[in-house]
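If you want the building blocks of each chain, they are given just below.
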Amino acid sequence: HNKQEALVIKYQNLREGSAEALMVKMADRLDNLRTFVVKKGGTTLAEKIKETEGIFLPIFERARTKYPVEAEYMINQIKARIEWLKGNPPAEVVV
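Residues numbered from 1 in each chain as written. Predicted model: local features only at pLDDT ≥ 70, side-chain atom pairs only at ≥ 80, totals over all residues. Heavy atoms only, no water.

Enquirer: Is there a simple way to explain the overall build of the chain in this structure?
Expert: Of regular secondary structure, the chain possesses four helices and two strands. Helices and strands appear in the chain in the N-to-C order α-α-β-α-α-β. For the C-alpha atoms alone, the extent of the chain along its principal axes is close to 40 × 35 × 20 Å. Counting every position in the chain, which comprises 95 residues, the buried fraction comes to 31%. For the chain, the share of sequence-separated contacts (at least 6 apart) that also reach a separation of at least 24 residues comes to 75%. Within the structure as shown, the chain displays about 6100 Å² of accessible surface, and the carbon and sulfur contribution to it stands at 57%. Looking at charge distribution, the chain has the averaged site of its 16 positive side-chain charges lying 3 Å from that of its 13 negative ones. (Helix = DSSP H or I, 4+ residues; strand = E, 2+ residues; numbered from the N terminus. Buried < 20%, exposed > 50% of the residue type's maximum accessible area, 1.4 Å probe, protein only. Contact = heavy atoms within 4.5 Å. Areas by Shrake-Rupley, 256 points an atom, 1.4 Å probe, with all protein chains shown as cover. Lys, Arg positive; Asp, Glu negative; His and termini not counted. Charge placed at Lys NZ, Arg CZ, Asp CG, Glu CD.)

Enquirer: Where do I start with the nonpolar core in this structure?
Expert: Where a protein is soluble and globular, its nonpolar side chains tend to be buried together. Counting residues in each nonpolar core, the largest one holds 22 residues, and the members touching the most others are Leu14, Leu22, Met23, Met26, Phe60, Ala63 and Ile78. Of all the elements in the fold, those that place two or more residues in this core are α1 (3–16), α2 (19–34), α3 (45–60) and α4 (68–87). Excluding anything up to four places from it in sequence, Met26 contacts Phe60, Ala63, Ala71, Met74, Ile75 and Ile78. (Core = buried A, V, L, I, M, F, W, Y, C linked by side-chain atoms within 4.5 Å.)

Enquirer: For this particular structure, what's the right way to read the packing of aromatic side chains?
Expert: One pass over the full model with this rule turns up two aromatic pairs. Taking 5.9 Å as the distance between ring centres and 85° as the angle between the ring planes, the aromatic pair formed by Tyr11 and Phe56 counts as edge-to-face. Taken together, the residues Tyr11 in helix α1 and Phe56 in helix α3 connect sequence positions 45 residues apart. In terms of burial, Tyr11 and Phe56 fall into one category: buried. On the numbers, 5.7 Å between centres and 25° between planes, the contact of Phe56 with Phe60 is stacked. (Phe/Tyr/Trp six-rings, centres within 6.5 Å; stacked < 30°, edge-to-face > 60°.)

This is the structure:
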């Protein structure tokens, strides 16, 4: 598979995943946003935010049916972190 096909499969698997899997993915995405560093040639902050807002957050909404309080908290934490990052973009780190 090429990179685009792999992403399509990744997103489809997430859409079909359990509410528990979505909760884990939300925690993972929040951690990724909290520890994000800009690496030369890596994913840009704009790409990470676009993916989170455009793809992951709509999918994460489904977890509200089984875990309304927890999903609400996680979604709000992710949105708050994105807003913080937009105002405080990290500098590029050489690794």
